[in-house]
Amino acid sequence: MAALLKFVMATACAVAWGAVPLAACAQEALEVVQIVPLSGPLAQAGREINAMTRATLDDYNRNAKGGVRIELKSLDDGYSAVKATQAASSAVSSAQAFLSCFGSPSCLAQQQICAKAKVPLLGPVAGSSALRGKQAWYTYAVRAPASSELLRLLGFINATGLKSVGVFIQEDGFGIDYASELDKLRDRFPDLRFVPRRFNASLPDYRRAAEELMASRPDALLLLADSQQSAALLDAWRAKAALPLVLNLAAQADAQYADRVKGHMGMAAFVTVTPSPWGSRLPAQQDYQRIAKAAGLKPSYLSFESYLNARLLIEAVKNGQVKNKTDLSRWLDAAANIDLGTGYGLNYKGERQGASHTDLAVLTPEGKFKH
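We now turn to the structure provided with this report. Residue numbers restart at each chain and count upward from 1, following the sequence in its written direction. Local features are withheld for residues below a pLDDT of 70 in this predicted model, meaning they are given only at 70 or higher, and side-chain atom pairs are given and counted only at 80 or more; totals for whole chains, interfaces and linings count all residues. Hydrogens and water are ignored here; the side-chain numbers use all heavy atoms of the structure.

1. Things to note about the layout of surface pockets
Point 1. Approximately 630 Å³ is the volume found for the largest pocket.
Point 2. Lining the largest pocket are 34 residues, with Ala 45, Phe 102, Ser 227, Ala 251 and Asp 254 positioned closest to its centre.
Point 3. Working definition: helices are DSSP H or I runs of at least four residues, strands are E runs of at least two. Numbering for both runs from the N terminus. Every element with two or more residues in the lining of the largest pocket is listed here: α3 (43-62), α7 (173-185), α9 (227-238), α10 (255-261) and α12 (301-320).
Point 4. Three categories are distinguished: nonpolar for Ala, Val, Leu, Ile, Met, Phe, Trp, Tyr, Cys and Pro, charged for Asp, Glu, Lys and Arg, and polar for the others, with Gly belonging to the last. The residue makeup of the lining of the largest pocket, split by class, is 17 nonpolar, ten polar and seven charged. Cavity means a closed set of points on a 1 Å grid over the protein atoms alone, one where a 1.4 Å probe fits but cannot get out, pocket means an open set with protein on both sides within 12 Å along at least 5 of 7 lines, and lining means a residue has an atom within 4 Å of a point. Grid points are joined across faces, edges and corners, and a volume is the space filled by probe spheres set on the points.

Structure follows, in structure tokens:
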């Protein structure tokens with residue numbers, strides 16, 4: 001149907017200019033692919049990313065005024081690297097960009113396909129170091145890397161004067177990548193003692209994991225795991241004893257996790273890779289909230305990040321006269337201090353790390369995030 005519509009439009013433009021508005025005839029389209037989990041255990045996150053991305057691009061397209069339109073093609077990977085590879089392989093031939101992949105395993109799989117085809121991968125929703133730096137030439141990260149997240153949390157716990165940190169590590173690409181970054185940072189915090197405990201999520205024994213971590217009597221608990229595994233561990237811990245200070249990654253800063261743990265958490269700190277989605281000081285916050293409200297979407301850190309990733313693409317299309325993947329890469333490689341309305345700029349000329357911005361939020365007893 002889409003192909004037929006394009007044929008009819010093109011024929012109408014060629015035969016009779018009066019039959020179709022000139023802007024519709026002249027307008028070009030940039031195909032952008034988004035591969036996220038629209039099914040499976042993390043489908044809620046994937047659908048949230050997709051809904052906000054689509055709302056942001058639709059808002060741009062409504063105001064494009066004859067410029068290049070951005071057409072979003074959404075595919076499901078079920079949070080599987082194998083499915084992500086299959087989906088990316090099927091879509092890359094016509095894609096001019098990939099946008100907001102979710103999770104290190106899926107993003108790394110998509111990165112390989114994109115690099116071979118020289119298709120830019122914008123805004124991976126993942127902190128892996130492999131998605132940044134000179135080796136990731138066609139990848140353009142927006143969020144801060146895992147190392148920046150951990151630095152913010154470790155700096156916070158160090159400032160409190162607490163000493164012992166239990167570390168819950170999910171044994172997959174996500175948890176192991178963060179654990180590797182933690183190992184690199186330990187020497188910078190000589191006063192902190194880390195007690196790691198690896199956890200196999202495919203054979204979960206939360207009670208045993210909680211007991212082993214509790215045995216070291218930690219002052220704080222650092223969760224290098226997704227929100228589902230983290231919440232289950234805290235349930236098991238609470239059944240035995242009161243919780244210590246809990247340190248959470250940006251991946252755990254979602255409404256479902258907050259709602260599940262609000263009743264039994266005395267103090268929880270969350271690192272965030274965006275400013276507050278509920279704030280109104282920054283232009284990006286105002287624009288994001290306007291688009292989210294119009295689309296009937298509730299503010300969240302994940303959807304705000306999705307908005308910022310989409311905005312990076314929009315800035316390139318608007319300001320760089322981008323019409324294809326080559327134009328897009330060229331503009332991103334050359335642009336300095338790209339302003340997304342957040343107060344911090346992006347620059348892909350050097351180490352290509354994305355932003356270094358992180359913030360800190362605490363969870364109130366009511367289950368609300370407060371900066």
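Having seen the structure, we can now continue with the description.
2. A word on the sheet that holds strand β5 (residues 139-140)
Point 1. Between any two strands, pairing holds if DSSP finds at least two bridges. Across the sheet, which stays open at both edges, the five strands sit in the order β2-β1-β3-β4-β5 with parallel pairing between neighbours. The strands lining the two open edges of the sheet, one partner per strand, are β2 (69-76) and β5.
Point 2. As paired strands, strand β3 (residues 97-99) and strand β4 (residues 121-122) are joined by two bridges and run parallel to one another. Considered in β4, the bridge of Phe 98 is made with Leu 121.
Point 3. In this analysis, two residues are considered to be in contact whenever any of their non-hydrogen atoms come within 4.5 Å of each other. The angle between two axes is taken between their N-to-C directions and runs from 0 to 180 degrees, where each axis is a line fitted to C-alpha atoms and a helix contributes only its stretch in contact. Of the strands in this sheet, β1 (29-36), β2 and β3 touch helix α4 (residues 81-91), which is tilted by about 170° from β1.

3. Describing the sheet that holds strand β14 (residues 369-370)
Point 1. Taken together, seven strands build an open sheet; the order of strands is β7-β6-β8-β9-β10-β13-β14 and the sheet is mixed. Looking along the sheet, the strands with just one partner apiece sit at the ends: β7 (193-199) and β14.
Point 2. Here two bridges tie strand β13 (residues 359-363) to β14, and the two strands are oriented antiparallel to one another. What sits directly across from Val 362, in β14, is Lys 370.
Point 3. Packing against the sheet, helix α8 (residues 206-214) makes contact with β6 (164-170), β7 and β8 (220-224), and its axis sits at approximately 165° to β7.

4. With respect to the state of the cysteines
Point 1. Disulfide: a pair of cysteine sulfur atoms within 2.5 Å of each other. Evaluation of the coordinates by the stated rule reveals one disulfide.
Point 2. Cys 101 shares a disulfide with Cys 107; S-S distance 2.2 Å. In this structure the cystine formed by Cys 101 and Cys 107 twists about its S-S bond by roughly 115°; its chirality is therefore right-handed. For the pair Cys 101 and Cys 107, a shared accessibility class is recorded, and that class is buried.
Point 3. There is no disulfide at Cys 114, and the cysteine sulfur nearest it, in Cys 101, is 8.1 Å away. Only protein chains enter the accessibility calculation, which uses a 1.4 Å probe; a residue is then buried when its area is under 20% of its type maximum, exposed when over 50%, and partly exposed in between.

5. With respect to the pattern of salt bridges
Opposite charge on two side chains makes pairing possible when the charged atoms of those side chains draw close.
Point 1. We count a salt bridge whenever a side-chain nitrogen from Lys or Arg sits within 4 Å of a carboxyl oxygen from Asp or Glu. Taken as a whole and assessed by the stated rule, the structure comprises 16 salt bridges.
Point 2. Across the pair Asp 235 and Arg 260 runs a salt bridge whose closest N-O atoms are separated by 2.8 Å. Here Arg 260 lies in helix α10 and Asp 235 lies in helix α9, a separation of 25 residues in the sequence.
Point 3. Its relative accessible area of 32% is what places Asp 235 among the partly exposed residues.
Point 4. Notably, a salt bridge pairs Arg 290 with Asp 287, separated by 2.7 Å at the nearest N-O pair. Linking Arg 290 with Asp 287, this pair stays in helix α11 (residues 283-295), spanning three residues, or about one helical turn.
Point 5. Judged by its relative accessible area of 43%, Arg 290 is partly exposed.

6. Comments concerning the pairing of β6
Point 1. Burial of β6 is extensive: seven of the seven residues sit out of reach of the surface.
Point 2. The side-chain alternation of β6 yields two buried faces, one formed by Ser 164, Gly 166, Phe 168 and Gln 170 and the other by Val 165, Val 167 and Ile 169.
Point 3. For β6 and β7, the ladder comprises seven bridges, and the chain directions are parallel. For Gly 166, the partnering residue across the bridge sits in β7 and is Val 195.
Point 4. Sheet analysis places β6 next to β8, joined by five bridges and oriented parallel. Its bridge partner being in β8, Val 165 is matched across the sheet by Ala 220.

7. Some thoughts on the nonpolar core
Point 1. Here, the term nonpolar core denotes a set of buried Ala, Val, Leu, Ile, Met, Phe, Trp, Tyr and Cys residues that are joined through side-chain atoms within 4.5 Å. Counting 39 residues, the largest nonpolar core has Leu 312, Leu 313, Leu 332 and Ile 338 as its most contacted members.
Point 2. For this core, the secondary-structure elements that each account for two or more residues are β1, α3, β2, β3, α11, α12 and α13 (325-334).
Point 3. Examining the composition of this core, we find that nine residues originate from one element, α12, more than from any other.

8. Thoughts on the environment of Glu 28
Point 1. Here Glu 28 lies in the loop between α2 (22-26) and β1.
Point 2. As a C-alpha pair, Glu 28 and Pro 283 span 255 residues in sequence and 28 Å in three-dimensional space.
Point 3. Not counting residues within four places of it along the chain, the set of residues in contact with Glu 28 comprises Gly 67, Val 68, Arg 69 and Lys 323.
Point 4. Any N or O atom pair separated by 3.5 Å or less is treated as a polar contact, with the protein-specific requirement of one donor-capable and one acceptor-capable atom, and with residues adjacent in sequence counted only for side-chain atom pairs. Within the structure, the side chain of Glu 28 is placed 3.4 Å from the side chain of Lys 323, a separation counted as a polar contact.

9. Regarding the side chain of Thr 272
Point 1. One can find Thr 272 in strand β10 (residues 268-272).
Point 2. A polar contact is formed between the side chain of Thr 272 and the backbone oxygen of Thr 274, at a distance of 2.9 Å.
Point 3. The contact partners of Thr 272, leaving out residues within four places of it in the chain, are Ala 250, Tyr 301, His 357, Thr 358, Asp 359, Ala 361 and His 371.

10. Notes on the packing of aromatic side chains
Point 1. Any pair of Phe, Tyr and Trp rings, taking the six-membered ring for Trp, is counted once the centres come within 6.5 Å. Such a pair is stacked with planes under 30 degrees apart, edge-to-face with planes over 60 apart, and tilted for the rest. Counted under the stated rule, the structure contains 13 aromatic pairs.
Point 2. Here Tyr 140 and Tyr 348 contribute two aromatic rings whose centre-to-centre distance is 5.2 Å and whose plane-to-plane angle is 90°, an arrangement assigned as edge-to-face. Of this pair, Tyr 140 sits in strand β5 while Tyr 348 sits in the loop between β12 (345-346) and β13, and the two are 208 residues apart along the sequence.
Point 3. Ring pairs connect the aromatic residues Tyr 257, Phe 270, Trp 278, Tyr 301 and Phe 369, which therefore count as one cluster.

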